[in-house]
Amino acid sequence: YSARICIQEARRNAGREWDNLEVMAVDVEIDGLTEAPIYELCANLIALGLTVPIYSAQWFWMGKLGNPQWPWLREHKLWNAYYDADPDLDFTRVPYGPWTMADLIGEQFKGTTHVAGVDIDLDIFDLDYFTGGEDMGKLADHLKEPVPGYVVDGKPLTLGKILEQLWWGIAV
């Protein structure tokens, strides 16, 4: 679809919330996509004053697009799709495109899931991306740090493991 039609549909779906949006991700997961329509949509959304990350998955980016490294992509952060049902950051295990861990704003770790009577996708996001704070790369480093005084089976417990247990405790 053209950028005009994509934006029309986004406006229609957002309804009266459209004017409150600051970020609009471009979902790059459709067979046959090429650089031109992706670039056009990103440029048009930026012209409307939105911040525009790219949403995609390694299997699609590499397998369907051939792992493009288009220079203009460096202006866009990445929202990674990696469905392993684990709320961790897997991007460093399967990097793609021109992005680094510092470019990651979030990861969808599970698709449509029924939670509290509603169907939602499960994601972990770097809230600092939306508020101008630290990047996800720094967060990933912090998650690997041992928490002083906490040891399980003779191994230091990391903040990431504690948060993972807390997350599953809340989500279940």
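One structure accompanies this document, and this report is about it. (Residues numbered from 1 in each chain as written. Predicted model: local features only at pLDDT ≥ 70, side-chain atom pairs only at ≥ 80, totals over all residues. Heavy atoms only, no water.)

Observations concerning unusual backbone geometry
Reasoning step 1: Not every positive phi belongs to a glycine, and Asn-67 is a case in point at roughly 60°.
Reasoning step 2: Note on placement: Asn-67 falls in the loop between helix H3 (58–63) and strand S3 (78–81).
Reasoning step 3: Residues other than glycine seldom take positive phi values, yet Ala-85 does so here, at roughly 60°.
Reasoning step 4: Its location among the elements puts Ala-85 in the loop between S3 and strand S4 (104–115). (Helix = DSSP H or I, 4+ residues; strand = E, 2+ residues; numbered from the N terminus.)

Some thoughts on the nonpolar core
Reasoning step 1: Judged by nonpolar contacts, the single largest core of 27 residues is most densely connected at Val-26, Val-28, Leu-45, Ile-54, Trp-61 and Trp-99.
Reasoning step 2: Secondary-structure elements contributing two or more residues to this core are helix H1 (3–14), helix H2 (35–47) and H3.
Reasoning step 3: Looking at this core, the element that brings in the most residues is H2, giving four residues.
Reasoning step 4: Discounting chain neighbours no more than four positions away, the residues touching Val-26 are Leu-41, Cys-42, Leu-45, Val-52, Pro-53, Ile-54 and Tyr-55. (Core = buried A, V, L, I, M, F, W, Y, C linked by side-chain atoms within 4.5 Å. Buried < 20%, exposed > 50% of the residue type's maximum accessible area, 1.4 Å probe, protein only. Contact = heavy atoms within 4.5 Å.)

Quick word on the side chain of Asp-90
Reasoning step 1: If you trace the backbone, Asp-90 turns up in the loop between S3 and S4.
Reasoning step 2: Under the relative-accessibility criterion, Asp-90 is labelled buried at 0%.
Reasoning step 3: Contact partners of Asp-90, with chain neighbours within four places excluded, come to Tyr-82, Asp-84 and Glu-107.

Considering the sheet that holds S4
Reasoning step 1: Pairing within the open sheet is mixed, and its five strands lie in the order S1-S2-S3-S4-S5. The sheet is open, and its two edges are formed by strand S1 (26–27) and strand S5 (118–125), each paired on a single side.
Reasoning step 2: Where S4 meets S5, seven bridges bridge the pair, whose relative direction is antiparallel. Bridging across to S5, Gly-106 finds its partner in Phe-125. (Pairing = 2+ DSSP bridges.)

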